[in-house]
Amino acid sequence: MAERIALFATTARGTEDLLADELKELGARRIRQDRGGVRFMASLDEALMVCLWSRIAMRILYPLGTFEARGAEGLYEAAASVPWEEHLTPTTTFAVDATLKDSEHSHSGFVALKVKDAIVDRMRTKVGTRPDVNTKNPDVSVVAHLSRETLSLSLDLCGDALNRRGYRVRPTVAPLKETLAAAVLRAAHYTGEEALVDPMCGSGTLLIEGGMMARRRAPGLNRDFAVERWPVIGARAKELLVDLRADARRNERKVEVPIWGFDKDPEALEAAQRNVQAARLSEEIILAEADATDLPHLPAASGLLLTNPPYGDRLTGSGGQKGMKSFYYKLGESLRVPGWRVWVLSGNPAFESAFHSRPSARREMWNGPIECTLLGYRAAGSSHLDDHSEAPLRAPKQPANVAPVRPQHEGEEDS
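Residues numbered from 1 in each chain as written. Predicted model: local features only at pLDDT ≥ 70, side-chain atom pairs only at ≥ 80, totals over all residues. Heavy atoms only, no water.

Draft legend 1. Molecular detail of the overall build of the chain. Helix and strand counts for the chain stand at 10 helices and 14 strands. Counting every position in the chain, which comprises 415 residues, the buried fraction comes to 54%. Taking contacts inside the chain between residues at least 6 apart in sequence as the whole, the part at least 24 apart equals 77%. Accessible surface, the chain: about 18200 Å² in total, of which carbon and sulfur atoms supply 49%. (Helix = DSSP H or I, 4+ residues; strand = E, 2+ residues; numbered from the N terminus. Buried < 20%, exposed > 50% of the residue type's maximum accessible area, 1.4 Å probe, protein only. Contact = heavy atoms within 4.5 Å. Areas by Shrake-Rupley, 256 points an atom, 1.4 Å probe, with all protein chains shown as cover.)

Spelled out as structure tokens, the structure:
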């Protein structure tokens with residue numbers, strides 16, 4: 001039996017249970033939800049499967065330890081106690097990414113510097129020379145998270161965050177992160193077997209993630225992972241990934257359902273078109289200019305209407321909150337299409353009442369620093385809940401006494 005190691009997958013707040021379910025499907029064992037992520041056990045091939053196939057995880061971390069670290073000297077001593085010579089060689093490049101929570105230190109860069117100093121000093125002592133730092137594309141990414149006086153150190157198997165799929169060549173203002181879009185689709189029970197329409201598609205993230213699900217395309221197919229360059233297991237990881245990527249390509253399928261996106265902003269549509277092309281989904285996703293409050297004829301008799309409407313009045317003209325309520329009301333009138341179930345991710349507390357329809361399902365999710373509500377509505381004309389909404393969906397509360405082993409990364413830029 002292959003040896004399994006303890007790993008931690010990070011995710012947006014409010015999506016931990018969705019990630020836990022996904023990890024189970026991907027073969028992970030001993031899965032436990034935590035704040036901002038999910039702990040699990042996996043062998044190397046199972047961990048690589050998660051890196052390649054997880055649509056929801058942001059990072060896959062290999063925890064090295066948690067230490068008490070008081071003051072600058074405590075940081076250094078804690079980091080220096082890790083056997084870095086087991087993970088690095090003199091020719092291995094590395095970088096340290098640090099974040100803070102309720103810490104005595106005010107700058108994450110200082111914490112990263114102390115950890116870096118401890119690593120190079122230990123390596124110099126143990127092997128006679130030090131590895132170089134490469135902040136742009138390191139072989140080994142060290143993740144440090146300091147919560148009060150507790151320092152957690154991990155290695156990142158992926159390198160770049162997993163939301164960076166490579167297709168976002170033209171972002172719009174306030175785009176939805178790819179991993180959150182995938183979590184929204186999973187929460188809405190989208191499997192790629194029904195029509196999908198986003199009436200306010202922006203840069204097209206929901207459509208592209210839905211298109212990849214319908215295509216059965218691995219989200220990490222066209223990128224490499226830092227673990228492929230690790231000194232001890234990198235060669236084996238690269239070898240395994242050759243087979244995993246080949247299997248993923250063989251198992252892609254033709255999309256049999258329509259996927260359409262609308263937006264009234266020509267610049268947003270242009271961005272969406274560029275991103276769709278970069279994602280190699282131009283044949284699967286149709287884009288057109290239209291106002292969400294006056295939808296054209298939809299491409300099927302039933303399906304999923306899914307959207308992330310604007311949270312403020314920036315995209316809808318003047319009028320402030322009153323104008324937004326009027327916009328949401330009109331949206332409620334337009335989106336009630338017979339046969340189509342509706343799911344909306346809203347960051348405006350006024351949305352639910354203004355939409356003037358009672359949701360059959362709801363859950364709280366975080367879009368970066370913004371607390372949002374994902375609301376599900378029965379298909380218009382249906383006298384019962386849709387097949388996936390027997391009970392309200394709420395993300396379970398996470399334990400308050402467990403420190404995360406990684407940075408929160410809420411402020412990460414999309415790319």
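Draft legend 2. Representation of the pattern of salt bridges within the structure. Overall, the coordinates contain 27 salt bridges when judged by the stated rule. For the salt bridge of aspartate 224 with arginine 229, the shortest nitrogen-to-oxygen distance reads 3.7 Å. Notably, a salt bridge pairs aspartate 247 with arginine 250, separated by 2.0 Å at the nearest N-O pair. One end of the pair is aspartate 247 and the other is arginine 250, both in helix 7 (residues 234–250) and three residues apart, which spans about a single turn. One continuous salt-bridge network, built from bridges that share partners, spans Arg215, Arg217, Glu252 and Glu284. (Salt bridge = Lys/Arg side-chain N within 4 Å of Asp/Glu carboxyl O.)

Draft legend 3. Structural detail: the side chain of arginine 165. Secondary-structure assignment places arginine 165 in the loop between strand 7 (150–156) and helix 5 (178–187). Assessed through its relative accessible area of 7%, arginine 165 is described here as buried. At 2.8 Å, the side chain of arginine 165 and the backbone oxygen of arginine 55 are in polar contact. When sequence neighbours within four positions are dropped, the list of residues in contact with arginine 165 reads Ser54, Arg55, Glu178, Thr179, Ala182, Glu209, Met212 and Pro219. (Polar contact = N/O pair within 3.5 Å; in protein donor to acceptor, adjacent residues only side chain to side chain.)

Draft legend 4. View of the packing of aromatic side chains. In total, this model carries five aromatic pairs according to the counting rule given. For the ring pair phenylalanine 327 and tyrosine 328, a centre distance of 5.9 Å and an interplane angle of 50° mean the geometry is tilted. The exposure class assigned to phenylalanine 327 is buried, which follows from its relative accessible area of 12%. Judged by centre distance (4.9 Å) and plane angle (70°), the rings of tyrosine 328 and phenylalanine 351 are edge-to-face. Taken together, the positions of tyrosine 328 in helix 9 (residues 320–335) and phenylalanine 351 in helix 10 (residues 351–354) put the pair 23 residues apart, joining distant regions of the chain. This pair shows no difference in class: tyrosine 328 is buried, exactly as phenylalanine 351 is. What links up through ring pairs into an aromatic cluster is the set Phe327, Tyr328, Phe351, Phe355 and Tyr377. Note that arginine 13 overlies the ring of tryptophan 366, its terminal NZ or CZ placed 3.8 Å from the centroid. (Phe/Tyr/Trp six-rings, centres within 6.5 Å; stacked < 30°, edge-to-face > 60°. Lys NZ or Arg CZ within 6 Å of the ring centre and 35° of its normal.)

Draft legend 5. Region of the structure containing helix 5. Along helix 5, nine of the 10 residues are buried, which leaves the element largely enclosed by surrounding structure. Two residues or fewer after helix 5 comes histidine 189, characterised by a positive phi angle close to 65°.

Draft legend 6. Examining the side chain of histidine 87 more closely. By the secondary structure assignment, histidine 87 is in the loop between helix 3 (71–80) and strand 5 (94–101). By relative accessible area, which is 16% here, histidine 87 ends up buried. Once residues within four sequence positions are removed from consideration, histidine 87 is found in contact with Tyr62, Leu64, Val140, Leu155 and Pro231.

Draft legend 7. Highlighting the packing of helix 1 (residues 16–25) against helix 5. Contact pair helix 1 / helix 5: the axes reach a minimum separation of 10 Å and the direction vectors enclose 85°. Relative to helix 5, the element helix 1 lies roughly perpendicular. Contacts from Leu18, Asp21, Glu22 and Glu25 in helix 1 reach Ala183, Arg186 and Ala187 in helix 5. Residues that form the contact of helix 1 with helix 5 fall into these classes: three nonpolar, no polar and four charged. (Axes fitted to C-alpha atoms, helices over the stretch in contact; angles between N-to-C directions. Parallel < 35°, antiparallel > 145°, perpendicular 65-115°, else oblique. Nonpolar A, V, L, I, M, F, W, Y, C, P; charged D, E, K, R; others polar.)

Draft legend 8. The environment of alanine 57, seen in detail. Note that alanine 57 resides in the loop between helix 2 (44–53) and strand 4 (59–68). Between the C-alpha atoms of alanine 57 and alanine 161, which are 104 residues apart in sequence, the distance is 8.8 Å. Apart from residues lying up to four places away in sequence, alanine 57 is in contact with Ala9, Thr10, Leu19, Glu22, Leu162 and Thr179.

Draft legend 9. Molecular detail of the sheet that holds strand 8 (residues 196–198). Spatially, the seven strands line up as an open sheet ordered 10-9-8-11-12-14-13, and their pairing is mixed. Two strands in the sheet have a free side with no partner beyond their single neighbour: strand 10 (285–289) and strand 13 (361–367). Taken pair by pair, the neighbouring strands of this sheet meet at an average axis angle of 20°, ignoring direction. Examined bridge by bridge, strand 8 and strand 9 (residues 259–263) share three bridges and lie parallel to one another. Bridge pairing in strand 9 links leucine 196 to isoleucine 259. (Pairing = 2+ DSSP bridges.)

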